[in-house]
Amino acid sequence: MDSTGTWARLRNSDLFYSFCHSPMAIVSALLALAIILGAVCAPLIAPHNPFDLASLNLLDANNPPAWADGGSAQFLLGTDDQGRDILSAILYGSRISLLVGLASVLFSIILGVSLGLISGYAGGRIDGVIMRIADVQLSFPAILIALLIDGVARGLMPRDLQDSMSLYVLIFAIGISGWVQYARTVRGATMVERNKEYVQAARLIGMRSVTILRRHILPNVLGPVLVIATIHLAVAIITEATLSFLGVGIPPTTPSLGTLIRIGNSYLFSGEWWISIFPGVTLVLLALSVNLLGDWLRDALNPRLN
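Everything numeric here is computed off the predicted structure, so don't read it as measured data.

1. Focus on the overall build of the chain
A tally of helices and strands in the chain yields 14 helices and zero strands. Dimensions of the chain, computed from the C-alpha atoms along their principal axes, are close to 75 × 50 × 35 Å. Per-residue burial over the chain gives 42% buried out of 306 residues. Relative to all contacts within the chain whose residues are 6 or more apart in sequence, the contacts with residues 24 or more apart total 69%. When the accessible area of the chain is evaluated, it comes to approximately 16200 Å², of which 66% is carbon and sulfur surface. Here the chain carries 19 positive and 19 negative side-chain charges, and the mean point of each set is 18 Å from the other.

Structural data, given as structure tokens:
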């Protein structure tokens, strides 16, 4: 594949032109990229390893930021109640928040797109069953569904496995609560595509329904899915932080952004504001930048606005 030709086509595309002429999209992309790179490169750039319990010292607990009275240059943003460096915990915690967000969105996409394709292409009773399930789920808030699934999973799981499986349970809980919007969007687009000439021609030559869905219909319905996924990523990251803040997500020993905010909330009124403020600001910036990118992508891919 010619990478030079691919880059030239991308550079001359309407999407790239729209991105270069949107200051909001550029700033949001740079901010999201900085946080993502910081999370990915955390083992290389973090001053300390918050997972290394042997390196923690309780005498360093609740140290203020370096510029405040009593602060130390060793801990730029201060430390938490366990003596963990806040900056390092944010870098490593962002990795967990991004991992949960990306994995849960991917799970929602696979489930929602698959059910949407089946519902829109098959129609009839299958369509009715899938859409009724979707309607029932839409009547409950996503966070409530995630809480319910997380609680049921923890109740059925042996106690000695709960901490080790908490990440997977959290991904499943958030992912299963977000598939409906993908399914409904893809169903509508599939119902339009299935009546077009190229699909009817594929049926006439004896092509299997699975092949028609995979080769012909799926590529034509991925545009709206990409937009929904971008916006859903921000929602998934906030949902993970909310569940961890409520104590039903990542264990307190694992420094995700949600757990850091929950730990800092206990010390907020005693003067140790940095434990929750800095992770909270990071969470807001990450979710806001991804959300703004999703808004830009939605407008850029909308032919009525071009």
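Still more ground to cover, so stick around.
2. Quick word on a nonpolar patch on the surface
Taken together, Trp67, Leu76, Trp273, Ile277, Val281 and Leu285 make up a surface patch of nonpolar side chains, about 560 Å² in accessible area. Mapped onto the secondary structure, Leu285 falls in helix H14 (residues 274-300). The exposure class of Leu285 is partly exposed, given its relative accessible area of 33%.

3. Examining the environment of Val227
Structurally, Val227 is set in helix H12 (residues 222-245). Along the chain, Val227 and Leu156 lie 71 residues apart, while their C-alpha atoms are 36 Å from each other. When residues no more than four places from it in sequence are discounted, the contact partners of Val227 are Gly294, Leu297, Arg298 and Leu301.

4. A look at the side chain of Ser108
For Ser108, the location among the structural elements is in helix H5 (residues 86-122). For Ser108, a relative accessible area of 0% puts it in the buried group. In contact with Ser108, not counting residues within four places along its chain, are Val113, Ile174, Gly175, Gly178, Trp179, Tyr182 and His232.

5. Section: the packing of aromatic side chains
If you walk through the whole model with that rule in mind, you get four aromatic pairs. A ring pair is formed by Trp273 and Phe278, whose centres lie 5.6 Å apart and whose planes are at 55 degrees; its orientation type is tilted. Its relative accessible area of 34% is what places Trp273 among the partly exposed residues. Ring pairing ties together the aromatic residues Trp67, Trp273, Trp274 and Phe278, which thus form one cluster.

6. A look at the nonpolar core
One finds Ile86, Ile90, Leu117 and Ile217 to be the most contacted residues of the largest nonpolar core, which totals 47 residues. The greatest single-element share of this core, amounting to ten residues, is contributed by H5. Non-local contacts of Ile90, meaning those with residues more than four positions away in its chain, are made with Leu77, Leu257, Leu260, Phe278, Pro279 and Thr282.

7. Section: the pattern of salt bridges
Overall, the coordinates contain five salt bridges when judged by the stated rule. The salt bridge partner of Arg132 is Asp135, with a shortest N-O separation of 2.9 Å. Here Asp135 and Arg132 lie together in helix H6 (residues 124-138), a separation of three residues that amounts to about one turn. For Arg132, a relative accessible area of 48% translates into the label partly exposed.

8. Details of the packing of H5 against H12
Where H5 contacts H12, the two axes come as close as 8 Å, and the packing angle between them is 135 degrees. Between H5 and H12, the interaxial angle falls into the category oblique. H12 is crossed by H5, and the crossing has right-handed handedness. Residues Ser97, Leu98, Val100, Gly101, Leu102, Ser104, Val105, Ser108, Ile109 and Val113 of H5 lie in contact with H12, whose contacting residues are Val225, Ala229, His232, Leu233, Ala236, Ile237 and Glu240. Residues that form the contact of H5 with H12 fall into these classes: eleven nonpolar, five polar and one charged.

9. Things to note about the packing of helix H10 (residues 197-204) against helix H11 (residues 209-217)
Packed helices, taken two at a time, are described by the angle between their axes plus the distance between the axes. Their axes nearest at 11 Å, the elements H10 and H11 cross at an angle of 145 degrees. The chirality of how H10 crosses H11 is right-handed. Two secondary-structure elements touch here, H10 through Tyr198, Val199, Ala202 and Arg203 and H11 through Ile212, His216 and Ile217. Its residues assigned to classes, the contact of H10 with H11 shows five nonpolar, one polar and one charged.

10. Quick look at H6
Between its first and last C-alpha, H6 extends 21 Å over 15 residues, near the 21 Å set by a 1.5 Å rise per residue. Those residues of H6 that sit buried are Asp127, Ile130, Met131, Ala134 and Gln137. What you see down the axis of H6 is that its buried residues fit within an arc of 115 degrees, all on one side. Facing away from the buried side of H6 by over 90 degrees, the exposed positions are Arg125 and Val136.

11. What to know about the environment of Trp67
With respect to the secondary-structure elements, Trp67 resides in the loop between helix H4 (42-45) and H5. Linking Trp67 and Ser22, residues 45 residues apart in sequence, is a C-alpha distance of 36 Å. Apart from residues no more than four positions distant in its own chain, Trp67 is found in contact with Leu76, Leu77 and Phe278.

Rules used throughout
- Residues numbered from 1 in each chain as written.
- Predicted model: local features only at pLDDT ≥ 70, side-chain atom pairs only at ≥ 80, totals over all residues.
- Heavy atoms only, no water.
- Helix = DSSP H or I, 4+ residues; strand = E, 2+ residues; numbered from the N terminus.
- Buried < 20%, exposed > 50% of the residue type's maximum accessible area, 1.4 Å probe, protein only.
- Contact = heavy atoms within 4.5 Å.
- Areas by Shrake-Rupley, 256 points an atom, 1.4 Å probe, with all protein chains shown as cover.
- Lys, Arg positive; Asp, Glu negative; His and termini not counted.
- Charge placed at Lys NZ, Arg CZ, Asp CG, Glu CD.
- Patch = residues over 30% accessible without salt bridge, like charges linked within 9 Å, V, L, I, M, F, W, Y side chains within 5 Å.
- Salt bridge = Lys/Arg side-chain N within 4 Å of Asp/Glu carboxyl O.
- Phe/Tyr/Trp six-rings, centres within 6.5 Å; stacked < 30°, edge-to-face > 60°.
- Core = buried A, V, L, I, M, F, W, Y, C linked by side-chain atoms within 4.5 Å.
- Axes fitted to C-alpha atoms, helices over the stretch in contact; angles between N-to-C directions.
- Parallel < 35°, antiparallel > 145°, perpendicular 65-115°, else oblique.
- Left-handed = near helix turned anticlockwise from the far one by under 90°.
- Nonpolar A, V, L, I, M, F, W, Y, C, P; charged D, E, K, R; others polar.
- Expected span 1.5 Å × (residues − 1).
- Arc of directions from axis to C-beta.

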